[in-house]
Structure formats: structure tokens, C-alpha cells
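Observations on the model geometry
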Amino acid sequence: MNTKPSPNLAWATWIRDLANAGGTGGLNWHVHALRSLNRWLPTRERIAQFLAGIEPRQTHLLLIGPSAGWMLPTPWLTRFKEVDVFDIDPLVPFLFGVRHGKVLREHGTQLRFHRQDAIAGLPQLLKDHPNACLWFDNVLGQVSVRLGDEDIAERQLRHLKQLMQGRSWGSLHDVYSGPVDTDMALPLVQTCALKRLNATGDNSEQVELDGRIQTLDVAAQSLLTRLNAKGVWHDHATSGVFAPHTPTTLMAWAFKPHYWHWLEAGWVNSSG
Ligand SMILES: C[S@@+](CC[C@H](N)C(=O)[O-])C[C@H]1O[C@@H](n2cnc3c(N)ncnc32)[C@H](O)[C@@H]1O
């Protein structure tokens, strides 16, 4: 069977990914990111703080879905000798290069770009790069958007940690997103520590939020209340990305003035 896409289909995919990368990136994303950099500064600082504490012994990083790395701190990337960037968006090599390329060159970090679906191709990537660690850069929360099916996305994302066994890897991803009431004052503290205690995947799931054990339902409600949530919030199907007992950090993100996200960041060190 011929599995090569026809030239017309390849062009259509290229143009679609240039415009919005299946609803998860592309030109739309770059314009929004560029205009939002100041509003996102507190969240960018929290991401930088989180990554500053991650010191993998691997010198090779596979960076999955980073777009232009609008929220990614360049200093963390300079700790690697090689960085392979995987994104479906054709604009990424140019824009990521503009944002991070000069400093990485000065530090002697080799940067390579690959335009490919790194989620579908993950098993092969892991085989091709047995000694690299991986960072999923705010891409796993978009799997449900691209697939258009939360249940399938949730199953895929729960399975991911099995693929990653024995590797050092981490992820920053959306957990919840939705509209907020901007007339109410926001709380000053917008990070919390989260640990899932079991993986039932239903309302009885137990979590530890800022040291207090509670059901996932109660924790989710408290997270939404902290951001003055109103209307319908979206669950990004990422609750099973990390294995139970993995400590993670939740960070509030003013994606738009009226529309906020809770992001989760975590890192798992390889046992070997
Ligand atoms: C929300 S953006 C990431 C933003 C990034 N953290 C930043 O700082 O700008 C998600 C990115 O993932 C990419 N993406 C989505 N699905 C992908 C896949 N299956 N493989 C590779 N890249 C993917 C999109 O093209 C987009 O650039």
C-alpha cells in the first residue's frame, strides 16, 4: 500500500499547519503570543523557575511541540549540547531561531528542527534517540483538541507514561481552561503543588493539593474558584499524564484577559 500523501494533500496539510496547526498553534498562535508576552510574564517566570530546578544528566534534549518557545526560558536550553525541536508548524524553525538561536549558538548548543507529528511518532523517536531526555512543551493538553475526542485523548495520554518508562522526561500542559469574572480581584498566589494519589480517573480520584488530601472533584472546584471561574470550563484530558505520586506544580495563566488556564508542570527522572 502506498502511504505517501499526494502532493495536493501534503500542501493542504502544510497550509493548515501554517495557519493554526490543527487548532493548537501556527500563525494564529504566534500573533496571539507576541501580543500577550507582557500579560504572560508572571507565568513565563514560574515556568523558568520550575525548569531552573530541573537538572537532567542527559546532554541531549528532544523538545516536543514548543512552537517558537514563546514561554520557554533560553537559559534552561543552554544546559544541553544538542536540542532537537519537533513541531508540525512550518514557521517554527524561523521563529524559534529568532527567539533562542543566537544565545544557543553562543553556548555551542546544536539546534535541529523536524517538522513532524511527534506524538504519533513518539515510539520511533524514542528508539532513534535512546540517550535523550524529553520535554513536552505545552502540547499534550492540545491532543484532545487535535483529535476532537476527549476520551481517546485521555486514553492516549494515560498510555504515554508507559512509553516513557526508563527515560527522563517532563511536560508542561493545560489541565483546565475557561472564562473568568474579571470584575472580581484575583488572588495573589497563583501556583500550587499537586500530587495525584491514585489513578481511578473518576470522581473518587484522590489528590493532594497544597498538602491537603481531597477528591479530584473538590480540588478542581477549588482551583476554579481561585481564578473566579464562570461559565463552562474545558478539561484537557491530561489528568493521567503523570503516574500517581509524581509531584507537579500548577500555574495559573492569563491566556486572554477573560480566559485563563491552569497549567501543570512535572518532571520524571530516569531510574538508570
Ligand atoms: C500551545 S503551542 C506551544 C506553545 C509553546 N509552549 C510556547 O512557549 O510558545 C502547541 C504547539 O504544539 C505543536 N503541536 C501540536 N501537536 C503536535 C504534534 N502532534 N507533534 C508536534 N507538534 C505538535 C503546535 O504546532 C504548536 O506549535
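Throughout what follows, the structure given in this document is the object of discussion. (Residues numbered from 1 in each chain as written. Predicted model: local features only at pLDDT ≥ 70, side-chain atom pairs only at ≥ 80, totals over all residues.)

So, about the overall build of the protein chain. Regarding its fold elements, the protein chain presents 9 helices and 11 strands. Looking at the protein chain alone, contacts between residues at least 24 apart form 73% of all its contacts between residues at least 6 apart. (Helix = DSSP H or I, 4+ residues; strand = E, 2+ residues; numbered from the N terminus. Contact = placed C-beta atoms within 7 Å.)

Burial analysis of strand 11 (residues 259–268) places 8 of its 10 residues in the buried class, the great majority of the element. One ladder, built from 10 bridges, connects strand 5 (residues 169–179) with strand 11; its direction is antiparallel. Bridged to glycine 170 within strand 11 is tryptophan 267. From the end of strand 10 (residues 247–256) to the start of strand 11, which pair antiparallel, there are 2 residues. (Buried ≥ 20, exposed ≤ 12 C-beta atoms within 10 Å, placed from the backbone. Pairing = 2+ DSSP bridges.)

With that settled, consider the nonpolar core. Counting 57 residues, the largest nonpolar core has Leu61, Leu63, Ile64, Leu134 and Leu263 as its most contacted members. Per element, the largest residue contribution to this core is 5 residues, and it comes from strand 10. In this structure, leucine 134 is in contact with Leu62, Ile64, Arg167 and Trp169, ignoring residues within four places of it in sequence. (Core = buried A, V, L, I, M, F, W, Y, C linked by C-beta atoms within 7 Å.)

In an α-helix there are 3.6 residues to a turn, and that puts residues three or four apart on one side. Looking only at helix 9 (residues 216–226), the buried set comprises Leu216, Ala219 and Ala220. Axial view of helix 9: buried residues confined to an arc of 100°, hence all on one face. Contacts from the buried residues of helix 9 go to strand 5, strand 7 (206–209) and strand 8 (212–215). Phi turns positive, to about 55°, at asparagine 228, one or two residues after helix 9. (Arc of directions from axis to C-beta.)

Glancing now at the pairing of strand 2 (residues 82–86). Within strand 2, 4 of the 5 residues are buried, which leaves it mostly tucked inside the rest of the structure. In terms of strand pairing, strand 1 (residues 60–64) meets strand 2 through 5 bridges, oriented parallel. Across the sheet, residue histidine 60 finds its bridge partner in strand 2, namely glutamate 82. One ladder, built from 5 bridges, connects strand 2 with strand 3 (residues 110–114); its direction is parallel. Across the sheet, aspartate 84 pairs through a bridge with arginine 112, a residue of strand 3. Since strand 2 and strand 3 lie parallel, the crossover through helix 5 (residues 92–106) that links them has a hand, and here it is right-handed. (Right-handed = clockwise from strand over helix to strand, strands pointing away.)

Another aspect to go through is the environment of tryptophan 135. Examined against the element boundaries, tryptophan 135 turns out to sit in strand 4 (residues 133–137). As for tryptophan 135 and tryptophan 267, which are separated by 132 residues in sequence, their C-alpha atoms are 8.5 Å apart. Apart from the residues lying within four places of it in its own chain, the contact partners of tryptophan 135 are Leu61, Leu63, Ile64 and Gly170.

Turning our eyes to something else, we now look at the environment of arginine 99. With respect to the helices and strands, the residue arginine 99 is situated in helix 5. With 25 residues separating them along the chain, arginine 99 and threonine 74 place their C-alpha atoms 8.4 Å apart. Dropping the residues within four chain positions of it, arginine 99 is found in contact with Ala68 and Gly69.

Such coordinate-based values are descriptive only and should not be taken to indicate function.
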